[in-house]
Amino acid sequence: MKAWKAVSLTLAVVALLGLMCAALLIHRGFRATNQPSRLETMVAHTARNLSIPNAARGEKNPLEASPENLQGGRDAFLAHCQTCHGHDGSGLTPMGQSLYPRVPDLRSAPTQTLTDGEINYIIQNGVELTGMPAWGNPNQAQGDDSWRLVLFVRSLGPLTQPEQAQQKQAAGSAHYVGSQACQKCHAQIYEHWRKTPMANVVRDPSEHPDAIIPDLATNNVFRFSKDQVAFVYGSIWKQRYFTKVGDDYFPLPVQWEVINKKWSKYQVPPTGGDWWTAFYPNDNMQRPTGPLCDGCHSVGYDIHTKQVAEWNVGCERCHGPGSEHVANPTRANILSPSRMNYVAASDTCIQCHSQGQPLANPIEGKYYDWPVGYNVGRKLGEYWKLEDHTLGAPTNFLYFPDGTAHKNRMQGNDFVQSVMYRRGVTCFDCHDAHGTGNQAQLRKPANQLCLDCHGPSSSNGPRTATLEEHTHHKEGNPGSQCVACHMPAIETEGPPNTMVHAHTFRFITPAMTEKYGIPNPCTACHKEQTTAWATGVMRGWVERSPWRLQ
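This one's a predicted model, so the numbers in the text were calculated from it and none came from an experiment.

Cut-offs and rules
- Residues numbered from 1 in each chain as written.
- Predicted model: local features only at pLDDT ≥ 70, side-chain atom pairs only at ≥ 80, totals over all residues.
- Heavy atoms only, no water.
- Helix = DSSP H or I, 4+ residues; strand = E, 2+ residues; numbered from the N terminus.
- Buried < 20%, exposed > 50% of the residue type's maximum accessible area, 1.4 Å probe, protein only.
- Contact = heavy atoms within 4.5 Å.
- Areas by Shrake-Rupley, 256 points an atom, 1.4 Å probe, with all protein chains shown as cover.
- Lys, Arg positive; Asp, Glu negative; His and termini not counted.
- Charge placed at Lys NZ, Arg CZ, Asp CG, Glu CD.
- Salt bridge = Lys/Arg side-chain N within 4 Å of Asp/Glu carboxyl O.
- Axes fitted to C-alpha atoms, helices over the stretch in contact; angles between N-to-C directions.
- Parallel < 35°, antiparallel > 145°, perpendicular 65-115°, else oblique.
- Nonpolar A, V, L, I, M, F, W, Y, C, P; charged D, E, K, R; others polar.
- 1 Å grid on protein atoms, 1.4 Å probe; cavity = no way out; pocket = protein on both sides within 12 Å on 5 of 7 lines; lining within 4 Å.
- Points joined across faces, edges and corners; volume = space filled by probe spheres on them.
- Disulfide = S-S within 2.5 Å.

### Overview of the overall build of the chain
- What the chain contains, in helices and strands, is 23 helices and 11 strands.
- Principal-axis analysis of the C-alpha atoms places the extent of the chain at approximately 115 × 65 × 45 Å.
- Per-residue burial for the chain yields a buried fraction of 41% across its 550 residues.
- Pairs at least 24 residues apart make up 54% of the contacts formed inside the chain by residues separated by at least 6 positions.
- Accessible area of the chain: about 30000 Å², with a carbon and sulfur share of 58%.
- Computed over 49 positive and 48 negative side-chain charges, the separation of the two mean positions in the chain equals 6 Å.

Structure (structure tokens):
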């Protein structure tokens, strides 16, 4: 009888607790916006992990973490996972923060401590009662896509505390060793990189006889001989020529316009141009490239000795001094922008792809046009300030009235204004400085790259069923290219007809052309038409808000 009473009491208590939990749930409401409790999160994780078969849990990734496999995993992640998990795995997306339970941060310990087999099983089979779908197709033999995704998820993991300490120690003791020291272990990346413009910004014609593009005999602007050229600068938009006097280099007052195939005078005007002209004589032979150029065209430029660790943008420009890593390769004794927060990561590129001034100018009596003292991993804002702009001011040397860059090498000034930047997108989410076969070292052809995150009906836009409905241009037409409207080529590289793409990603309306004189992509393409015509056409696009055309 006593046992029966004990069982009855236990059942009553359980029932009462159940009723109390049910009442609490009903009172709280069944909303996806509710924040799961710690207990619920722990129970859910434990239940999920226990449900994974032992055989699957113990599986090892059959793929090596090669650049190709990591890129394949990244592509699959962007195609299938980033809408919820974000491009960086943080889960801080509108979709990820609206699901119950929340989308996990793939960079954090609860994910990174799972085995490769567990992560693969979750990718293949999904998780019941959550928003995680099963990506494995039960009707097909399983390929390597899920294992590539495992590699990519692993790459998102941050350094451990011991690794962070090792990285800090290495940063204080390592020295530069040159890009060739990286070739042995990173042969394929090295081969791609050495063909990029980054690796060939400046070249010595005595070592590279093909470096000088034009026939010097055709030069009637300012004659010089090959023997006078210590370095050739540039090969895409324009080519300039540096001569050496003592331990300084100076730009000759002439340039070759690569696209226009003509010689022209090169001299930065004393007014209406770069800020530093106020501090240097109006004579190229009194404007040394050390304080004005070389800090961005080299690795480890020393302002005291005027020596460099390596000319051109070598591996250590973005990864820091590599001696410790070469001696004992681990991820903890080399810097990788991909493991930094989005600000520090993009600053690696913005240090040179921007117009600004050092905060400490002058430095030991000289004025520098690059961020002296900054090295990758530090805070660029402690060394460098971007050129100021007043919204609505007339177009000047640097900016259009809306703040879009007007001059070359201002991608950073543009990018930090963009929604992309505010959402944590980095420069190398789109570009690969190691080199690709695409224009501007894009990871993919431009449209493919954009559509990874902005496909039709995507929550990121466009909000139309097809791309044609959004662009109102047929597929394959220049007007159907994402960059045509969102990254118009309106920023000058100096010589006529040499324009680069804006990086604010803003659509410049024909009305802005009328009000502020900023070139818009519509009449830039349809040159025979007026801004009024372009505005009138777009007012007929039913999916386009009329308020965005003003």
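### Describing the pattern of salt bridges
- Counting across every chain of the model gives 15 salt bridges.
- Salt-bridge contacts for Arg148 lead to Asp145; the nearest nitrogen and oxygen are separated by 3.4 Å. Of the two residues, Arg148 and Asp145 both sit in helix 8 (residues 145-155), 3 residues apart, roughly one turn of that helix.
- Note on Asp145: relative accessible area 51%, which makes it exposed.
- Here Arg544 and Glu543 are joined by a salt bridge, their closest N and O atoms 3.1 Å apart.
- On the accessibility criterion, Arg544 (21% relative accessible area) is partly exposed.

### Details of the packing of helix 4 (residues 67-80) against helix 8
- Interhelical geometry of helix 4 versus helix 8 gives an angle of 90 degrees and a closest axis separation of 7 Å. When the axis of helix 4 is compared with that of helix 8, the two are roughly perpendicular. Residues Asn69, Leu70, Gly72, Gly73, Arg74, Ala76 and Phe77 of helix 4 lie in contact with helix 8, whose contacting residues are Arg148, Leu149, Leu151, Phe152 and Ser155.
- Tallied by class, the residues present in the contact of helix 4 with helix 8 amount to 6 nonpolar, 4 polar and 2 charged.

### A closer look at the layout of surface pockets
- In this model, the second largest pocket occupies a volume close to 1300 Å³.
- What lines the second largest pocket is a set of 47 residues, and nearest its centre among them are Arg48, Arg102, Pro104, Val127 and Thr130.
- Only helix 2 (38-50), helix 4, helix 5 (82-85), helix 7 (116-125) and helix 8 provide two or more residues apiece to the lining of the second largest pocket.
- Residue contributions to the lining of the second largest pocket peak at 6 residues, all from helix 2.

### Notes on the state of the cysteines
- Enumeration over the complete set of coordinates arrives at 1 disulfide.
- Between the sulfur atoms of Cys296 and its disulfide mate Cys352 the distance is 2.4 Å. Negative torsions about the S-S bond denote left-handed disulfides, and the value of about -100 degrees found for Cys296 with Cys352 makes this one left-handed. Taken together, the residues span a long stretch of sequence, with Cys296 in the loop between helix 12 (289-294) and strand 6 (298-299) and Cys352 in the loop between helix 15 (342-350) and strand 8 (356-358) at a distance of 56 residues. Exposure class is identical for Cys296 and Cys352. Each is buried.
- As a non-bridged cysteine, Cys450 has Cys482 as the owner of its nearest cysteine sulfur, 4.1 Å distant.
- With a relative accessible area of 24%, Cys450 lands in the partly exposed category.
- You can see Cys453 has no disulfide; the closest cysteine sulfur is in Cys430, sitting 7.9 Å from it.

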